[in-house]
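A look at the structure
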Amino acid sequence: MEPLLLAAICAACFFGGLVQAVTGFGFGILVMTVFPYLMPSYVSAATLSMMLSMTTSICVAFSLRRLVDLRLLMIPLAGYALSNVFCIVLSASQPDGVLRRLLGLFLVLIAVWFVRFSERVKIAPSARNGFLAGLLSGVLSGLFATGGPPMVIYLMAVIPEPAAYLANIQFHLAASSVFNLIVRILNGMVTKTVLIAWCFGIVAAMAGTLCGRKISSRLNPVLLKRLVYGFIAVSGAALLAAS
């Protein structure tokens, strides 16, 4: 890859890691606002985003492994696997322009969701809702490499303790991303270019995370979230306009 592209990817990863450390906001959604402009194809951008998110989730999940409830996560993971394979294969057969428009629409909708509805909508902690959350997570992960929001909503309703919630959402993201990666490898999506970008990007993401932890007490997380939501909405609109 060209040095300038690698530098831009690293900058996006650093900023994504920093913002997530300060606000808890989804790293994958943030980097997907720029990766489609930097990678050779939309599919390679989604694959890179997923691999980076997987690596960070595995690290957190391992450190909190004693709080993971596997019985709670089995049904959502089954729903995820069911829809994820189909959506990954579907994305491989679609033109980049179509996928970019879908991503743009998704980014606009997710920004509106976080601003207007995320604090209002509640979900009952049932097995059916767990399966549906996993199913939707698999769709979003397969198409946009951003499958976290449905599971965040579900697990927050099921697990009131912050530490246990963090352990289980990170384990779900880690396990589902490993499954996602296997499917993408089998479909030839993990290329040399993706691997090179991942090697540089994960270092930048870790650096951003460490920096975010150090300065988190000095920043206003509410204001930062609003700026991020606005950035996501503008990025989504730009993708829609350009496609």
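See above for the structure.
Residues numbered from 1 in each chain as written. Predicted model: local features only at pLDDT ≥ 70, side-chain atom pairs only at ≥ 80, totals over all residues. Heavy atoms only, no water.

**Considering the packing of aromatic side chains**
As a reminder, the rule being used: Stacked, tilted and edge-to-face are the three classes applied to pairs of Phe, Tyr and Trp rings, where Trp contributes its six-membered ring and a pair requires centres within 6.5 Å; stacked means planes under 30 degrees apart, edge-to-face means over 60, and tilted covers the rest. Runs of E in the DSSP output that reach at least two residues are strands. Runs of H or I that reach at least four are helices, and both are numbered from the N terminus. Per-residue accessibility, obtained with a 1.4 Å probe over protein chains only, is compared with the maximum for each type, and a residue is labelled buried under 20%, exposed over 50%, and partly exposed between these values.
Under the defined criterion, the tally for this structure stands at two aromatic pairs. Seen from their ring centres, Tyr 80 and Phe 179 are 6.4 Å apart, and the 75° between their planes marks the pair as edge-to-face. Of this pair, Tyr 80 sits in helix H5 (residues 70-92) while Phe 179 is found in helix H9 (residues 162-186), placing the two residues 99 residues apart along the sequence. Residues Phe 106 and Phe 144 carry aromatic rings whose centres are separated by 4.7 Å and whose planes lie at 10° to one another, so their mutual orientation is stacked. With Phe 106 in helix H6 (residues 96-116) and Phe 144 in helix H7 (residues 127-144), this pair connects stretches of sequence that are 38 residues apart. Each member of the pair, Phe 106 together with Phe 144, is buried.

**What to know about the pattern of salt bridges**
What counts is decided by this rule: Salt bridges are counted wherever a side-chain nitrogen of Lys or Arg sits within 4 Å of a carboxyl oxygen of Asp or Glu.
Under the counting rule described, the total for this entry stands at one salt bridge. The closest approach of N and O atoms between Arg 71 and Asp 69, which form a salt bridge, is 3.9 Å. Classification of Asp 69 as partly exposed rests on a relative accessible area of 29%.

**Here's the deal with the layout of surface pockets**
The test is simple: Points on a 1 Å grid over protein atoms alone make up a cavity when a 1.4 Å probe fits among them but cannot get out, and a pocket when they form an open set with protein on both sides within 12 Å along at least five of seven lines; lining residues each have an atom within 4 Å of a point. Grid points are joined across faces, edges and corners, and a volume is the space filled by probe spheres set on the points. Polar here means any residue other than Ala, Val, Leu, Ile, Met, Phe, Trp, Tyr, Cys and Pro, which are nonpolar, and Asp, Glu, Lys and Arg, which are charged; Gly is therefore polar.
Here the second largest pocket is characterised by a volume of approximately 220 Å³. In terms of lining, the second largest pocket is formed by Phe 106, Leu 109, Ile 110, Trp 113, Leu 136, Leu 140, Phe 144, Pro 149, Pro 150 and Ile 153. Those elements giving two or more residues to the lining of the second largest pocket turn out to be H6, H7 and helix H8 (148-158). When the residues that make up the lining of the second largest pocket are grouped by side-chain class, the tally is 10 nonpolar, no polar and no charged.

**Thoughts on the packing of H8 against H9**
The cut-off we apply is this: Throughout, an axis means a line fitted to C-alpha atoms (over the contacting stretch in the case of helices), and angles, computed between N-to-C directions, take values from 0 to 180 degrees. For classification, angles of less than 35 degrees are called roughly parallel, those exceeding 145 degrees roughly antiparallel, those between 65 and 115 degrees roughly perpendicular, and all remaining angles oblique. Handedness of a helix crossing follows the sense of rotation of the near helix relative to the far helix, less than a right angle counterclockwise being left-handed and clockwise being right-handed. Only heavy atoms matter for contacts: two residues are in contact if any of them lie within 4.5 Å across the pair.
H9 packs onto H8 with a crossing angle of 150° between their chain directions and a minimal axis gap of 10 Å. Here H8 lies roughly antiparallel to H9, going by the angle between them. Relative to H9, H8 is oriented so that their crossing is right-handed. Between H8, through Gly 148, Met 151, Val 152, Leu 155 and Met 156, and H9, the contact on the second element is made entirely by Tyr 165, Asn 168, Ile 169, His 172 and Leu 173.

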